[in-house]
Structure formats: C-alpha cells, structure tokens
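Architecture and fold: a report
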Amino acid sequence: MTPAEGLWAHLSGGALLWLTLTLVVYSIADRLSLLVQRNPLANPVLHSVWVIGVILVASGTPYQTYFNGAYFIHFLLGPSTVALALPLYENRRVVMRSLVPIVVALVVGSVTTIGSVIACAAIFNLPAVITISSLPKSATSGVAMGISQSVGGDASLTAIIVVATGIVGAVMATPLLNLLRIQDRRARGFAVGLAAHGVGTARAFQVHPLTGTFAGVAMSLNGLMTAVLVPLAASFIGS
Amino acid sequence: MIVGLAVVLLCQLIGEIFAYTTHLPVPAPVVGLVLLFGFFLLRDRWEWLPFSLRSEEIDKTCETLVQQMALLFVPAGVGIVQRLGILEANIFGVLAIMLVTTAISITVTAFTFRFVSRWFPAPTESQE
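Residues numbered from 1 in each chain as written. Chains lettered and ligands numbered in written order. Predicted model: local features only at pLDDT ≥ 70, side-chain atom pairs only at ≥ 80, totals over all residues. Heavy atoms only, no water.

Here's the deal with the pattern of salt bridges
Defined as follows: Only one rule defines a salt bridge in this text: a Lys or Arg side-chain nitrogen within 4 Å of an Asp or Glu carboxyl oxygen. Each residue is placed in one exposure class: buried if its accessible area under a 1.4 Å probe, protein chains only, is under 20% of its type's maximum, exposed if it is over 50%, and partly exposed if it falls in between. Under the scheme used here, helices are H or I runs from DSSP no shorter than 4 residues and strands are E runs no shorter than 2 residues, and both carry numbers assigned from the N terminus.
Enumeration according to the criterion identifies four salt bridges over all chains in this entry. The partner of D30 of chain A in a salt bridge is R38 of chain A, and the shortest N-O contact between them spans 2.9 Å. For D30 of chain A, a relative accessible area of 22% gives the class partly exposed. Salt-bridge contacts for R43 of chain B lead to D59 of chain B; the nearest nitrogen and oxygen are separated by 3.0 Å. Here the residue R43 of chain B occupies a position in helix α2 (residues 28-43), and D59 of chain B occupies one in helix α4 (residues 57-67), the gap between them amounting to 16 residues. Residue R43 of chain B is classed as buried on the basis of its relative accessible area, which comes to 8%.

Right under this line is the structure:
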C-alpha cells in the first residue's frame, strides 16, 4: 500500500472526512445560491446531494461509511423541528388569527397529498414498497422515516423520496404560486411547508419571515397529520 | 448555545418518552415543538426562572437550527446512491410521484387556505 492509499484508508474509514465534505460542499452550494439571488434552481440541498453522490460513487465509498460521518448532521433534524417553536412563538398572534384556514388547509392538503400518491402509484403500477415508502413524502425526514418503518416501508427509500420532494417543492413553489396568482404570504408559506417540509420551509424563510413561519407551522402540523393518516392509508392499500 | 441545545434536546427527549409510552402516532420532535412553545409562553410569566433559562441564548440556538435546516437534509438525500436500481426501474412512476403529487399538494393547499381565509377573515387584522 502506498502512503497515499494508507492515508485514504485511514481517513475514509472515519467520520471527519465525510462530515467535513458535507459542510464544505454545502457551504459552496449555499454561497453560489446567494450569488444568483436565491434562484430556486440553485437550491443548495439539490446541488450538495448530487455533488456528494458523485464523489462517493467515484471514490467507491459505500453510503453507510459516508452516513456514519454525516450522521452528526442528520441527527440535528429532530432538534431543528423542535426549534420551529421559536418562529411559531414569535408569530403566535398572526398564526392564531388564521387558525380556521390553517386547520382546513392542513386536513385537505394532507389527505390530497396521500391520495394523489396512491392514485399515481396505481396509474404507474408501482411496486408496493415504493408506494408505501412514498406515503409520508411530505412529512419532514426524521418524522417520515419513523412512519415508513412502522407501516412496513423502506426507511432509506422514504428518506430519498422525502428529500427529493422537498427539493422539487422548494424549486417549483415560487413559480407555481405566481402562476396561480396566490399572493397571500400565509397561503404561500403554508402550502410549501405542507408539501415540501423543511427544505420548503428553509426556502420560504429566504423569501419572507412570515412566509417561513407559516411554512414551519404547516410542516410541524403535517408531521402530526401524516403520522395519523399514513397507517390508515397503508391498511387501505394492504386490504 | 449549550443551555439552548440542552433545552431543545430535553424537549425532544420528553417527546420521545411520551410517544414511546403512549403508543400514539405522534412524532417525538413535534411533541418537543409543542413543549418548547409552551416553555416560551410560560417564560414570559415565570420571573423566578434562573437567568440562563430566561436569557436570549435559547432563542439564538433555535434561530441557528431553523436557519440551517436545509443543510440537515443532505446526508439523507445522498442515500439516493444506494437505491438507484429500484428508482431507475420505476423511473416514470417515481418522477410522477415527486413532480405531479407535489404540485397538486402545493396547489390544493394554497387554494384551500385562500378560499377559507376569505370566508373566515382574520378578526382583528384591520387594527394592525
């Protein structure tokens, strides 16, 4: 083994290299996104995922090795959901005033999301594992993976579908909502948070604090709603 | 920072214990969010709380976590390298689920929100 190979073997087996890689790639992607005025297509999560994916494939690194290092970042998904209590607290008055539209949009949006996944899966005749794993696609990763496991889905597949949904939602939200002529920041934020969880919420906070807050409210409520609805939907598919 | 992180983790921990013992289908972080929200409300009234629990530190930790939330999705997203086979075999269905259902979800939710908020206008909006 050459010294370079020895060093690679030493570093690639540990957490440091993969943790550093994730932060460096994300920092660059985030800076580039800022340079193009936060254009939705320059979504930092989207570009970090493929760049790191290409690096892993090119270097022949198993995902599990990478994840052991990047786990420290992944772990913070739970605490960041808890931390959404802050924007909710700071905007509690405006949220309380919109309680009726929030509750109705939550129920309608959540049922529509799950229903449309089932319809799509039926049209394309998807294998059950993909369908079941896609049901919680609009809930935030940490929450969705737990739900998927409990209904016999593949938690890793769910994580991918959830993150991809978040990216797609964050990229399409601004142009789509403009096209639909929805100007109300509360409605815009709530829709993107419900459909595209944390990635959408991060995007919404870039646009406006009020939009971000409603996205955060939608994301946390939909985590709850999805946890209730998916087991029902899964038993419906199974029967 | 440390006190802030401790408070946030404590809320999530209590959420985890709650979800485990009650068997309710509620995600632990969501229970934690409700608890932390309650803490923020009570903090304004409870003047006897130790200074570190009343300081801005907790707010700053939360702010950082919320601002950097997008980064946290990267490790799970990279997992796609592991499942390329099954995704490729069902590429059209998977794309439809990602693109079509997400667009439907955003559209229906936004229209519902706007429709209902016109029927139930915010009671005190005009005063601010």
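Focus: a nonpolar patch on the surface
What counts is decided by this rule: Each patch is built from residues that are more than 30% exposed by relative accessible area and take part in no salt bridge. Like charges join if they lie within 9 Å; nonpolar side chains (Val, Leu, Ile, Met, Phe, Trp, Tyr) join within 5 Å. Residue burial considers only the protein chains on display, and all accessible areas are found by Shrake-Rupley using a 1.4 Å probe.
Among the surface-exposed residues, I123 and F124 of chain A together with I91, F92, L95, L99, V100 and I104 of chain B lie close enough to one another that they form a single nonpolar patch of about 740 Å² accessible area. The element that contributes the greatest number of residues to the nonpolar patch is helix α7 (residues 91-119) of chain B, accounting for six residues. When you line up the elements, L99 of chain B lands in helix α7.

Description of the nonpolar core
Selection rule: Among buried residues, the Ala, Val, Leu, Ile, Met, Phe, Trp, Tyr and Cys ones that are joined through side-chain atoms within 4.5 Å form a nonpolar core. Throughout, a contact is declared for two residues whenever any of their heavy atoms are within 4.5 Å.
Ranked by size, the top nonpolar core spans 109 residues in total, and within it V45, Y66 and F190 of chain A together with L36 and F40 of chain B carry the most contacts. The element that contributes the greatest number of residues to this core is helix α11 (residues 155-179) of chain A, accounting for 16 residues. Not counting chain neighbours up to four residues away, the residues in contact with F40 of chain B comprise A85, L86 and Y89 of chain A together with I58, D59 and C62 of chain B.

Thoughts on the domain arrangement of chain B
Applicable threshold: Residue ranges for the domains originate in an automatic or database domain assignment.
Split into domains, chain B comes out as domain 1 (1-67) and domain 2 (75-128). Relative placement of domain 1 of chain B and domain 2 of chain B: their C-alpha centres are 28 Å apart.

Observations concerning α7 of chain B
We count it as follows: Here the expected span of a helix is defined as 1.5 Å times the quantity of residues minus one. The bend reported for a residue corresponds to the angle between axes fitted to the seven residues ending at that residue and the seven starting there.
Over its 29 residues, α7 of chain B extends 42 Å from the first C-alpha to the last, a length consistent with the 42 Å expected when each residue adds 1.5 Å. The largest bend along α7 of chain B reaches roughly 25° and is located at I97 of chain B.

With respect to the packing of aromatic side chains
Convention followed: A pair of Phe, Tyr and Trp rings is counted when the ring centres sit within 6.5 Å of each other, with Trp represented by its six-membered ring. The angle between the planes then sorts it: under 30 degrees is stacked, over 60 is edge-to-face, the rest tilted. Only when the NZ atom of a Lys or the CZ atom of an Arg is both within 6 Å of the ring centre and within 35 degrees of the ring normal do we say a charge sits over the ring.
Enumeration according to the criterion identifies eleven aromatic pairs over all chains in this entry. Ring centres of Y71 of chain A and F75 of chain A lie 6.4 Å apart, and the angle between their planes is 50°; this geometry places the pair in the tilted category. Taken together, the positions of Y71 of chain A and F75 of chain A, both in helix α4 (residues 63-75) and four residues apart, correspond to about one turn of that helix. Residue classification places Y71 of chain A among the partly exposed residues on the basis of a relative accessible area of 40%. By relative accessible area, which is 39% here, F75 of chain A ends up partly exposed. Both rings, one in F39 of chain B and one in F40 of chain B, keep their centres 6.0 Å apart while their planes meet at 55°; by these two values the pair is tilted. Overall, the relative accessible area of 18% leaves F39 of chain B in the buried class. Ring pairing ties together the aromatic residues W8, W18, Y63, Y66, F67, Y71 and F75 of chain A, which thus form one cluster. Here R92 of chain A stacks its cationic end above the ring of Y89 of chain A, 4.3 Å away from the centre of that ring.

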